[in-house]
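Examining the three-dimensional arrangement
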Amino acid sequence: MESLEMGTGFSADIFDSQHYIEINEARWDAAERVVEALSAGGELSTCYDVGCGPGWFAEKLVGLGIDVTGIEARSELVDKARKRVPGATFVQCDLDVPLLSRHLSAADFVFCFGLLYHLENPFRAIRNLYQLTRHYCLVESIMIPGDSPQYCLVQESSNVNQGMTHCALIPSLAAMTKMLYAAGFSHVYRCRLPVEHPDFVETDVVYQRRSILLAAHGRVELEFLEQLAVPQAPKYSFLKNVC
Ligand SMILES: C[S@@+](CC[C@H](N)C(=O)[O-])C[C@H]1O[C@@H](n2cnc3c(N)ncnc32)[C@H](O)[C@@H]1O
């Protein structure tokens, strides 16, 4: 297996580990169904794969006949993706900062798996995703449990599959949904297709860690999509519980 050291003591080979391949295949089984269903509307000829790593999902999307541009902050991973997926275009770009100066026009579809829980500024990143999206934005993320729109600040490991600063704000489902609506998407859905991986399953002892959401510029009617209401985000109450 080729190796790519990146000055952190860790290698990009992590993207080829059995753990990665298993979760990628499980996520792709569901994602492919969503993409094919959306393609039936004839509106998916161009796509950004944001936080694409070495291009595993980009290659799958190219296989569906889509014109794919991968966006990735780490130049070493951009190089690796270019070699692995010659049918796609890859650009180095940090999604955690404003994209205003970048000349990236909107694509029909934005695919963003495994990125938003690695960022210092997930709201900024979601505004960037909105800017890049002509019709649909399919997001997969870890989200912390709880009903309120909140975040958890996490110190990440120094591995190359993490964020650029290794300090991340992980949102709850309500926070993620609120940000997608606040960024401008008119409809946000939760994908109810089963994903055959423990991270997508809630049990008696663990909460579901990951979910797939679809944000869109308009109504989407697919039987496996559950529309999410705009969450309330009231001012924080500083009242103590006094009887
Ligand atoms: C957990 S990996 C996910 C890779 C792939 N999308 C997947 O789901 O398997 C996160 C990827 O996002 C990239 N990344 C981290 N921070 C980023 C940022 N601010 N902008 C763009 N890409 C970033 C990382 O380098 C890494 O390739």
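This section reports on the structure supplied with the text. (Residues numbered from 1 in each chain as written. Predicted model: local features only at pLDDT ≥ 70, side-chain atom pairs only at ≥ 80, totals over all residues. Heavy atoms only, no water.)

1. Some points on the nonpolar core
When a protein is soluble and globular, its nonpolar side chains tend to lie buried together. Counting residues in hydrophobic clusters, the biggest one holds 39 residues, and the most contacted among them are Leu 38, Leu 61, Phe 109, Phe 111, Leu 138 and Val 220. Listing elements by their share of this core, those giving two or more residues are helix 1 (18–39), helix 2 (56–63), helix 3 (75–84), strand 4 (107–113), strand 5 (133–142), strand 8 (187–191) and strand 9 (210–216). Top element by residues in this core is helix 1. It accounts for 8 residues. For Phe 109, the residues in contact, after removing those within four places along its chain, are Val 35, Leu 38, Leu 44, Thr 46, Cys 47, Tyr 48, Leu 61, Tyr 136 and Leu 138. (Core = buried A, V, L, I, M, F, W, Y, C linked by side-chain atoms within 4.5 Å. Buried < 20%, exposed > 50% of the residue type's maximum accessible area, 1.4 Å probe, protein only. Helix = DSSP H or I, 4+ residues; strand = E, 2+ residues; numbered from the N terminus. Contact = heavy atoms within 4.5 Å.)

2. Brief notes about the environment of Pro 234
Relative to the assigned elements, Pro 234 resides in the segment after strand 10 (225–227). Of the residues examined, Pro 234 reaches a relative accessible area of 66% and is grouped as exposed. Distance from Pro 234 to Ser 148, taken between C-alpha atoms, is 9.6 Å for residues 86 residues apart in sequence.

3. Overview of the site of the ligand
By nearness alone, 25 residues border the ligand, and Gly 51, Glu 72, Arg 74, Asp 94 and Phe 113 come closest of all. Between the ligand and Arg 27 there is a distance of 3.1 Å, counted from an oxygen atom to a side-chain nitrogen or oxygen. Here a nitrogen atom of the ligand sits 3.3 Å away from a polar atom, N or O, in the main chain of Ala 73. The protein chains hide 98% of the 600 Å² of surface that the ligand would expose on its own. Of the residues forming the shell around the ligand, the biggest block, 3 residues, is contributed by helix 1. Split by residue class, the shell around the ligand holds 12 nonpolar, 8 polar and 5 charged. (Near = heavy atom within 4 Å. Polar contact = N/O pair within 3.5 Å; in protein donor to acceptor, adjacent residues only side chain to side chain. Areas by Shrake-Rupley, 256 points an atom, 1.4 Å probe, with all protein chains shown as cover. Nonpolar A, V, L, I, M, F, W, Y, C, P; charged D, E, K, R; others polar.)

4. Let's talk about the pairing of strand 1 (residues 46–50)
Within a regular strand, the side chains alternate between the two sheet faces. With 4 of 5 residues buried, strand 1 is to be regarded as a mostly interior element. Tracing the backbone out of strand 1, into helix 2 and back to the parallel element strand 2 (residues 67–72) gives a crossover that is right-handed. Sheet topology places strand 1 next to strand 4; 3 bridges connect them, and they run parallel. The residue of strand 4 that forms the bridge with Tyr 48 is Val 110. (Right-handed = clockwise from strand over helix to strand, strands pointing away. Pairing = 2+ DSSP bridges.)

Note that every value here comes from positions in space, so none of it alone points to a role or purpose.
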